[in-house]
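Here is what each chain is made of, one letter per residue.
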Amino acid sequence: MARTDKIREFLNDNEGVIISGFANIFYYSGFTSEDATLVITKNRQILLTDSRYIVQARLQAKDFEVFDVATDTAKIIKDLPIDTLGFEENIVTISEFARLQKYEKKLVPMSQKLSYPRRFKSKDEILKISKAEELSCSALENVIKKMHTGMTEKEVAIELEYYMRKNGAEKTSFETIVASGVRSSMPHGVATEKLLEDGDFVTIDFGCVLDGYCSDMTRTFVMTKCSPVQKKVYDTVLKAQEEALSKIEIGKKCADIDKIARNIIEEAGYGENFGHSLGHSVGIEIHESPNFSPKSEDFIEKGNVITVEPGIYIENFGGVRIEDIVAIDDKVKNLTPFTKELIII
């Protein structure tokens, strides 16, 4: 089944969709440039891009009619025998919406319907995410051999990113997080010029894009020496993660998995120090659906690929997060082959 057939399943004969967000453009067509628009109806699938990418589009999106966006867009869309055009309301800007109105079609928000199939990863997609995660693990194994007191957080991030790019990554999944000392209490503390110091927690959260799919992992280390309190915090986070991982199975509520980890952290006295959700889905984008969160109404289904990343963050002390990716396929598989034993560097 072609991916575009998943759209045609919910379209009537008089309906079409216009896709302008990169994730869905790549998912449905295979085209790797953001300078594109897809138009899909029951009978046609069209890719519009500018003249710089026409040849690339014809090579990558072989099942699409390819046209020049500058000269053909308005005429093509106006002439389509449809009266309704679905669009990505979470992507389209006000100015883009004004342009869509000129095409003389009834505009209907369809972001959720268009993105929904991406929840269910194929075996091929899972393999791509797994390879990206393996590359990230290799990068981290390489960098911890080089880490030392006096090194800056930015230097750690640069080493990670250089290794991943050198070994095939297209880019990072997101801005690399390296947060040390009291800065590790910031869940998204991106790398700075701060030096790694004796006794610092160092939380490293990063990923890469390989073959169009993201990886994501987090590990927390300690520089040279570990206090009893640091060990307690680390062990609590690890226990919460491992217990949650052990309970993941098809049919369970996502919110219940979040609750398993959250309860362990609360029982240890750190409930107020775990503010974010337990995990998010990963794919073409670094944050997809469904999520392990207290408010989630979703159930775990085959094809979901989702992170499990509990954390404890104590202001003016530091923090710990441990993150793996799991894929729910024929069985639940952890895609993050990196030790979770506390490493003192």
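Up top you'll find the structure we're talking about.
Residues numbered from 1 in each chain as written. Predicted model: local features only at pLDDT ≥ 70, side-chain atom pairs only at ≥ 80, totals over all residues. Heavy atoms only, no water.

Peer 1: Explain the sheet that holds strand β1 (residues 15-19) here, please?
Peer 2: Pairing between sheet strands relies on hydrogen bonds along the backbone, with the strands arranged either parallel or antiparallel. Spatially, β4-β3-β2-β1-β5-β6 is the arrangement adopted by the six strands of the open sheet, whose pairing is mixed. Among the strands making up the open sheet, the edge pair consists of β4 (65-68) and β6 (106-109). Along the sheet, successive strands turn relative to each other by an average axial angle of 25°, direction set aside. As judged from the four bridges shared by β1 and strand β2 (residues 36-41), these two strands associate in the antiparallel manner. (Pairing = 2+ DSSP bridges. Helix = DSSP H or I, 4+ residues; strand = E, 2+ residues; numbered from the N terminus. Axes fitted to C-alpha atoms, helices over the stretch in contact; angles between N-to-C directions.)

Peer 1: Can you walk me through unusual backbone geometry in this structure?
Peer 2: Phi is mostly negative for residues that are not glycine, and the peptide bonds are mostly trans. Note the cis peptide between Ser289 and Pro290, where omega equals 5°. Of note, Pro290 is situated in strand β14 (residues 288-292). Residue Asn316 is not a glycine yet carries a positive backbone phi of 65°.

Peer 1: Looking at this structure, how should I read the nonpolar core?
Peer 2: If you look at soluble globular proteins, the nonpolar side chains tend to sit buried side by side. Grouped together as the largest cluster of nonpolar side chains are 37 residues, with contacts concentrated most on Ile7, Val17, Ile19 and Leu47. Contributions of two or more residues to this core are made by β1, α2 (22-29), β2, α3 (54-60), α7 (123-144), β11 (213-214) and β18 (324-328). Leave out the neighbours within four places in its chain, and Ile7 touches Val17, Ile19, Tyr28, Ile40 and Leu114. Formed by 29 residues, the second largest nonpolar core is a distinct cluster that contains Tyr234, Leu245, Cys254 and Ile300. (Core = buried A, V, L, I, M, F, W, Y, C linked by side-chain atoms within 4.5 Å. Buried < 20%, exposed > 50% of the residue type's maximum accessible area, 1.4 Å probe, protein only. Contact = heavy atoms within 4.5 Å.)

Peer 1: Sorry if this is basic, but what is going on with the pattern of salt bridges here?
Peer 2: A side chain of one charge can pair with a side chain of the opposite charge when the charged atoms of the two come close. Applying the stated criterion across every chain, the model contains 27 salt bridges. Arg8 is the salt-bridge partner of Asp5, the closest N and O atoms lying 3.5 Å from each other. Separated by three residues within a single helix, Asp5 and Arg8 lie in helix α1 (residues 3-8), roughly one turn from each other. The class for Asp5 is partly exposed, based on a relative accessible area of 29%. Here Arg8 falls in the buried class, since its relative accessible area comes to 14%. (Salt bridge = Lys/Arg side-chain N within 4 Å of Asp/Glu carboxyl O.)

Peer 1: Explanation requested: the sheet that holds strand β7 (residues 171-172) in the structure shown.
Peer 2: Judged by pairing direction, the sheet is antiparallel, and its three strands sit side by side in the order β7-β10-β11 without closing on themselves. Either end of the sheet is taken by a strand with one partner, and the two such strands are β7 and β11. The sheet contact formed by strand β10 (residues 208-210) and β11 spans two bridges and is antiparallel. Directly across from Leu210, in β11, lies its bridge partner Tyr213.

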